[in-house]
Amino acid sequence: NPEAVSRVFVAKGRQADKPLLVLIGSVAWLPNLTDQICEGALRIIDVFWPGPLTITFPAIKGLPAGLLAGGQSVGIRLPGSRLARDLANAVGKPITASSANRSGTKNPVTAIEAVSSLGPGVDLVLDGGPSPNSQGSTVIDVSRGRPILLREGRIPFSQVEDVYDNKG
């Protein structure tokens, strides 16, 4: 939904050249977002999803341009949070997602911190209790084959590489 994507950028004060990720409710949703998944990426998915790993794949045509921030790839995560997966499954489509804070500010741990950071630009906050970890997901790019680290997070990149190379 291009309007929803735009609202996320406004609520976060996010620069238009920084793409957003999407949360999915099931691995079966991947073909709605990408049609290029190599064997190594499938191994990574099997080991680390659901969990704190965002994987960037080549995007299929037709995804909102704002979601991709002018690029050709889409960041996808099957979240470890049961609430997030249930929400995506209830909606029946991938959910545009980002950390629940204004760009450049500290990641919130509670719903109250998220509301305080984002302000009145958000219509609804689901309070699933405190986040067990304020560190973000690890973000990798497999859109050109071998994983490239975009952001270190909770999963060490060396573990991701080992699984990709079939060593882990």
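Structure: see above.
Given the structure is predicted, the values throughout are model-derived calculations rather than measurements. (Residues numbered from 1 in each chain as written. Predicted model: local features only at pLDDT ≥ 70, side-chain atom pairs only at ≥ 80, totals over all residues. Heavy atoms only, no water.)

**With respect to the sheet that holds strand S3 (residues 73-77)**
- Reading across from one edge, S4-S1-S3-S2-S5-S6 is the order of the six strands in this open sheet, with mixed pairing throughout. In this open sheet, the two edge strands, each paired with only one partner strand, are strand S4 (95-97) and strand S6 (148-151). Here the strands of the sheet are splayed against their neighbours by 35 degrees on average, with no regard to which way each runs.
- Where strand S2 (residues 53-58) lies against S3, four bridges are found, and the strand directions are antiparallel. Across the sheet, residue Thr56 finds its bridge partner in S3, namely Gly75. (Pairing = 2+ DSSP bridges. Helix = DSSP H or I, 4+ residues; strand = E, 2+ residues; numbered from the N terminus. Axes fitted to C-alpha atoms, helices over the stretch in contact; angles between N-to-C directions.)

**Focus on helix H4 (residues 82-91)**
- All of the buried residues along H4 are Ala84, Arg85 and Ala88. The buried side chains of H4 occupy one side of the element, clustering within an arc of 100 degrees when seen end-on.
- Buried positions along H4 lie against strand S1 (21-23) and S4.
- For H4, the N-terminal cap is Ser81; the gap from its side-chain oxygen to the backbone nitrogen of Leu83 is 3.3 Å.
- Among the residues trailing H4, Gly92 stands out with phi positive, at a value near 85 degrees. (Buried < 20%, exposed > 50% of the residue type's maximum accessible area, 1.4 Å probe, protein only. Arc of directions from axis to C-beta. Contact = heavy atoms within 4.5 Å. Polar contact = N/O pair within 3.5 Å; in protein donor to acceptor, adjacent residues only side chain to side chain.)

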